[in-house]
Amino acid sequence: MTTAARVIPCLDVDAGRVVKGVNFVDLVDAGDPVELAARYDLEGADELVFLDITASSDQRDTIVDVVRRTAEEVMIPFMIGGGIRSVDDARRLLRAGADKTSINTAAVKRPELIAEISAEFGAQCTVVSIDARRSTDAHAPKSGFEVYTHGGRTRTGIDALEWAAECERLGAGEIMLTSMDRDGTRDGFDIEMTKAVNAVIGVPLIASGGVGGLDHLAEGVLDGGADAVLAASIFHFGEYSVAEAKAHMASRGVTVRPV
Amino acid sequence: MSSEARPPLLAVLDYGIGNLRSAQKGLQKAGADAQLTADLDLIAAADAVVLPGVGAFGRCMEELHSTGLASVAIEAADSGRPFLGICVGMQLMCAGSEESPGMPGLGIFDVPVELLPPGLKRPQMQWNPVTATGPSVLLDGLDGDWFYFVHSYAVAPNPDIVGVCDYGGPVSAVIERGNVMATQFHPEKSGAAGLRLLQNFVAHVASSVPEGAA
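### Looking at the side chain of Thr101(A)
- By the element assignment, Thr101(A) lies in strand 6 (residues 100-103).
- Among all residues touching Thr101(A), those that are not within four sequence positions of it are Met79(A), Ile80(A), Ile84(A), Ala90(A), Leu93(A), Leu94(A), Ile117(A), Cys125(A), Thr126(A) and Val127(A).

So, in structure tokens, the structure goes:
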């Protein structure tokens, strides 16, 4: 045994409560983030991701409280993404008990932020989240996979492969790649894109966006080469447990930590 | 033996880096009175000392020196009191690291820290089963259990290693020499197995507290 894939439930958190955006329109309240985190810990989740989508600035601190309470409840690693624009933002979350911070739009705007967070807290705390889509028009970057920001709304013209390699060079310890074409579709990961990004980096890759069934999780690892697979809705509404997901992955030949 | 009188007091050295709170929380869950502290009196009074660590080796050593805790950690390890290093804490206890050439470590173990071999992803960022390779306080009842690793460097093989994981070959996971011990993985982030390991340490501390100390 040398490598084992991680299964990571992702919780979207708005003002301290868990929501899951279905195509970014219909938000359904699925409960208390700390309770969900504890449940996923028990079910055998290897790690958790909280994506803070709180828009109003006066409620920003709600995520720090979620982090503090989660760190008291669960004994597995967890990452916070969303709204981190500075070393101080990252410090606040890490001091509260988060293990990793992920940056996305802020890193595209100012790539040095990756180096700053990495130098201050280490590469293992520094995850860059890349939202990408397939582009085919005249402005498409070379690989055909283009980085988007602002939740998948804004084109950047940046090649996702070049950006992933640059993030690693600047000190990212992990890349989280979300296909914005697949996110919310339940059609499975964009395997081709996952594979292409994985081929240009030496740090771990989390595949994200599109999981609608357990085969998708196995395929992210077996076909996409991802080191970890992230999913949200299939877990939140009790469709599948993390334990079922891992059992299925194991049956497909993926090494996972047994539950 | 005083373990029934009060939980063992553990000083978790706070030298101002990253997420040290999780180590404290984990040790509290394991039954200890764990205090995140840089207070020299409290550290001197503690039944055991814990050295957590995250981030770069050189940065951690700089902070240990600037807070005065480097010499405190060395003395604590020499004192015979139980001492636990976690993750980069384990690496800091060694002579030095390939990560930060020219920056000496605490030298509690006179061995180097080396970059993980090429071929697999670095950092190793995953759960990995740990095999006991010798008698171990920490791994008691846990041989073959899975723990969470996040690291690009590891302690070079040496006779004090009592547990390894396989990541492109054997990687040092647990080191023990008398009361001085450390793990490369994060027990405080390793679920039930990690809690059990911390309980093993806390029980060891309780049994090491001198008669009538409480």
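Still to come is the rest of the account.
### Focus: unusual backbone geometry
- A cis amide bond links Arg122(B) to the next residue, Pro123(B), at an omega of 0°.
- Along the chain, the position of Pro123(B) falls in the loop between strand 6 (112-115) and strand 7 (124-129).
- The phi dihedral of Ala15(A) is positive, around 50°, even though this residue is not glycine.
- With respect to the secondary-structure elements, Ala15(A) resides in the loop between strand 1 (6-14) and strand 2 (17-22).
- A positive phi angle, close to 55°, is found at Cys87(B), a residue other than glycine.
- Mapped onto the elements, Cys87(B) comes out in the loop between strand 4 (83-86) and helix 5 (88-92).

### Side note on the interface of chain A and chain B
- Listed as interface residues are 41 residues of chain A and, on the opposing side, 36 residues of chain B.
- Joining chain A to chain B, the criterion identifies 6 salt bridges.
- Of the charged contacts in the structure, one is a salt bridge between Glu72(A) and Lys25(B), with a shortest N-O distance of 3.8 Å.
- Linking chain A with chain B are 17 residue pairs in polar contact (both at pLDDT 80 or more), by the criterion used here.
- When residues of the side of chain A that touches chain B are traced back to their parent elements, those giving at least two are helix 2 (62-73), helix 3 (87-96) and helix 5 (112-121) of chain A.
- At 4 residues, the largest contribution of residues to the side of chain A that touches chain B is made by helix 2 of chain A.

### A word on the sheet that holds strand 11 (residues 161-166) of chain B
All names here are of chain B.
- The mixed open sheet is built from 8 strands, whose spatial order is 2-1-3-4-13-12-11-8. Every other strand in the sheet has two partners, leaving strand 2 (33-37) and strand 8 (131-132) as the edge strands with one partner each.
- Sheet topology note: the strand 8/strand 11 ladder contains 2 bridges and is antiparallel. If you follow Ala132 over to strand 11, its bridge partner there is Gly163.
- In this fold helix 4 (residues 69-78) packs onto strand 1 (9-13), strand 3 (48-51), strand 4 and strand 13 (180-183), with an angle of close to 130° to the strand it touches most, strand 4.

### Quick notes on the packing of aromatic side chains
Residues and elements named next belong to chain B.
- Under the criterion given, the structure shown has 5 aromatic pairs over all chains.
- Residues Trp127 and Tyr148 carry aromatic rings whose centres are separated by 5.9 Å and whose planes lie at 65° to one another, so their mutual orientation is edge-to-face. You can see Trp127 sitting in strand 7 and its partner Tyr148 sitting in strand 9 (residues 146-151), a full 21 residues away along the chain. Here Trp127 and Tyr148 have matching classes, each one buried.

### Points about the pairing of strand 3 of chain B
Residues and elements named next belong to chain B.
- The two faces of strand 3 match: Ala48 and Val50 on one face and Val49 and Leu51 on the other face are all buried.
- Across 3 bridges, strand 1 lies against strand 3 in parallel orientation. Within strand 3, the position partnered with Leu10 by the bridge is Ala48.
- Where strand 3 meets strand 4, 3 bridges bridge the pair, whose relative direction is parallel. Within strand 4, the position partnered with Val49 by the bridge is Phe83.

Thresholds applied
- Residues numbered from 1 in each chain as written.
- Chains lettered and ligands numbered in written order.
- Predicted model: local features only at pLDDT ≥ 70, side-chain atom pairs only at ≥ 80, totals over all residues.
- Heavy atoms only, no water.
- Helix = DSSP H or I, 4+ residues; strand = E, 2+ residues; numbered from the N terminus.
- Contact = heavy atoms within 4.5 Å.
- Salt bridge = Lys/Arg side-chain N within 4 Å of Asp/Glu carboxyl O.
- Polar contact = N/O pair within 3.5 Å; in protein donor to acceptor, adjacent residues only side chain to side chain.
- Pairing = 2+ DSSP bridges.
- Axes fitted to C-alpha atoms, helices over the stretch in contact; angles between N-to-C directions.
- Phe/Tyr/Trp six-rings, centres within 6.5 Å; stacked < 30°, edge-to-face > 60°.
- Buried < 20%, exposed > 50% of the residue type's maximum accessible area, 1.4 Å probe, protein only.

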